[in-house]
Amino acid sequence: MGGEWPSGFFREAFLFVEFDLMVDKITVPAIRNKKRTGEKITALTAYDYCFARILDQAGIDILLVGDSLACVIQGQDSTLPVTLEEMIYHTRAVVRGRKQALVVADMPFLSYQVNVEEAKRNAGRLLQEGGAEAVKLEGGVGVVKTIEAIVKMGVPVMGHVGLTPQSIHQFGGYKIQGREKEQWDAIMADALAVEAGGAFSVVLEGIPAELAGEITAGLQIPTIGIGAGVKCDGQILVIHDILGLFDKFAPKFVKRYAEIGTAVSEAAKHFIAEVQAGTFPDEEHSFR
Ligand code: KIV
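Residues numbered from 1 in each chain as written. Predicted model: local features only at pLDDT ≥ 70, side-chain atom pairs only at ≥ 80, totals over all residues. Heavy atoms only, no water.

Visitor: Just checking my understanding: could you explain the site of the ligand for this structure?
Guide: Taken together, Thr45, Leu64, Gly66, Asp67, Ser68, Asp106, Lys136, His160, Val203, Ile226 and Val238 form the complete shell of residues around the ligand. A distance of 2.5 Å separates an oxygen atom of the ligand from a polar side-chain atom of serine 68. Notes on the ligand: free accessible area 250 Å², of which the protein chains cover 96%. Per-class residue counts for the shell around the ligand are 4 nonpolar, 4 polar and 3 charged. (Near = heavy atom within 4 Å. Polar contact = N/O pair within 3.5 Å; in protein donor to acceptor, adjacent residues only side chain to side chain. Areas by Shrake-Rupley, 256 points an atom, 1.4 Å probe, with all protein chains shown as cover. Nonpolar A, V, L, I, M, F, W, Y, C, P; charged D, E, K, R; others polar.)

This is the structure in structure tokens:
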């Protein structure tokens, strides 16, 4: 009997328990379905085990291992230097911390632009080695073939259009896109291309709220906005921004929900003062 698949009642009980444990898992179809039901999608970035665990337990739908880690974790000036190996490393840590949220990993610069074959292999590595459940890549009309090929492999893709940070040098900085109405058609075309390529959702970054509303109404797949107004199907922000942990630049669309940077500084000053005064460790924190 050892090692055999349980049969009859026990087998059904086992499957039921397993299904029950998985019932709240956020999946790609569940994210798509939220557009149909009108339930807003919530997403935050995460780059490590502790934050992933806290955000997952708080009930977030999507954890994005964003290439923004180049800035908020590594201290780089843009997202361009982060490598695929580094993305895989951080994705693994995030996956260990989450139970329910969908984990999406960013495809870093140069991991999908060179050719479709490389893009397929690199997307696959983020799932196989990182444990992600989907990948995100930037661009619209220009990357539709790449999105198609990755989706064909069975890897879900989240698109990203508007202010795409991997193109900052082309934009001349982090500039809102679509300020002129003549640019709207091109941004709409990018979003439609992402959908036609088979992506399950699309991030709209740094575009006027009215344009984001039009794109959201025109697509079957959900839009997730960052600096794109309230009409998107969901919202995403960088966790370090909303916690007051990163103040190198503070975009208008970022709302600070906590001041953790100040709390960390206060705690560190308190520790320093107690160590210098010889009052830490006290009896309570020492062994007899
Ligand atoms: O890298 C990132 O954090 C992103 C965002 C959409 C927040 O791409």
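Visitor: Just checking my understanding: could you explain unusual backbone geometry for this structure?
Guide: It is generally the case that most residues other than glycine have a negative phi and that most peptide bonds are trans. Here phenylalanine 280 and proline 281 are connected by a cis peptide whose omega angle stands at 0 degrees. One can find proline 281 in the segment after helix H12 (260–277). Of note, leucine 110 is a non-glycine position whose phi angle comes to about 80 degrees, a positive value. Checked against the element boundaries, leucine 110 lands in the loop between strand S3 (102–106) and helix H6 (116–128). (Helix = DSSP H or I, 4+ residues; strand = E, 2+ residues; numbered from the N terminus.)

Visitor: In this structure, what is going on with the environment of leucine 137? I would like to understand it.
Guide: Within the secondary structure layout, leucine 137 lies in the loop between strand S4 (134–136) and helix H7 (144–152). Sequence-wise, leucine 137 and alanine 199 are 62 residues apart; in three dimensions their C-alpha atoms are separated by 10.0 Å. Once residues lying within four places of it in the same chain are set aside, the contact partners of leucine 137 are Met107, Tyr112, Val143, Thr146, Ile147, Ile150, Val157, Met158, Gly159 and His160. (Contact = heavy atoms within 4.5 Å.)

Visitor: How should I be thinking about the packing of aromatic side chains in this particular structure?
Guide: Each aromatic ring pair is described using two quantities: the centre-to-centre distance and the angle formed by the ring planes. Considering all chains together, one arrives at 3 aromatic pairs under this definition. Measuring from centroid to centroid gives 5.9 Å for tyrosine 174 and phenylalanine 249, while their planes differ by 35 degrees, and the two rings are tilted. Highlighted residues: tyrosine 174 in the loop between helix H8 (168–171) and helix H9 (184–197) and phenylalanine 249 in the loop between helix H11 (239–242) and H12, separated in sequence by 75 residues. The exposure class of tyrosine 174 is partly exposed, given its relative accessible area of 38%. (Phe/Tyr/Trp six-rings, centres within 6.5 Å; stacked < 30°, edge-to-face > 60°. Buried < 20%, exposed > 50% of the residue type's maximum accessible area, 1.4 Å probe, protein only.)

Visitor: Would you mind showing me how to read the pattern of salt bridges here?
Guide: Pairing is possible between side chains that carry opposite charge, provided their charged atoms lie close to one another. With the rule as written, the count across this model stands at 13 salt bridges. Its salt-bridge partner being aspartate 233, residue lysine 35 comes within 2.9 Å of it at the nearest N-O pair. With a gap of 198 residues between them, lysine 35 in helix H2 (residues 28–37) and aspartate 233 in the loop between strand S7 (223–226) and strand S8 (234–237) connect regions that are remote in the sequence. Grouping residues by exposure puts lysine 35 and aspartate 233 together as buried. Here lysine 136 ties to aspartate 106 by a salt bridge, and the two come within 2.8 Å at their closest N and O atoms. Of this pair, lysine 136 sits in strand S4 while aspartate 106 sits in strand S3, and the two are 30 residues apart along the sequence. The residues lysine 136 and aspartate 106 share a single accessibility class, namely buried. By sharing partners, the salt bridges in this structure join Lys25, Arg98 and Glu133 into a single network. (Salt bridge = Lys/Arg side-chain N within 4 Å of Asp/Glu carboxyl O.)

Visitor: Even after reading the chapter, I still don't get the sheet that holds strand S6 (residues 201–205), so can you show me in this structure?
Guide: Adjacent strands of a sheet pair through backbone hydrogen bonds, lying either parallel or antiparallel. The strand order around the closed barrel formed by 8 strands is S1-S2-S3-S4-S5-S6-S7-S8, and the pairing between neighbours is parallel. Averaged over neighbouring strand pairs, the angle between their axes works out to 25 degrees when direction is ignored. Across 5 bridges, the pairing between strand S5 (residues 157–162) and S6 is parallel. Bridging from a neighbouring strand, glycine 159 pairs with valine 202 of S6. Against the sheet, H6 makes contact with S3 and S4, and its axis sits at roughly 130 degrees relative to S4, the strand it touches most. (Pairing = 2+ DSSP bridges. Axes fitted to C-alpha atoms, helices over the stretch in contact; angles between N-to-C directions.)

Visitor: Would you mind going over H7 with me for this structure?
Guide: Each α-helix winds once per 3.6 residues, and so residues spaced three or four apart point in a common direction. What H7 keeps buried is the set Val144, Thr146, Ile147, Ala149 and Ile150. On its buried face, H7 is in contact with H6, S4, S5 and H9. A positive phi of about 95 degrees marks glycine 154, the residue just after H7.

Visitor: Honestly, the domain arrangement of the protein in this entry has me stumped. Any pointers?
Guide: By a widely used convention, the size of an interface equals the accessible area lost when the partners come together. Along its sequence, the protein is carved into domain 1 (10–257) and domain 2 (260–288). With centres defined by C-alpha atoms, the gap from domain 1 to domain 2 works out at 39 Å. (Domains from an automatic or database assignment.)

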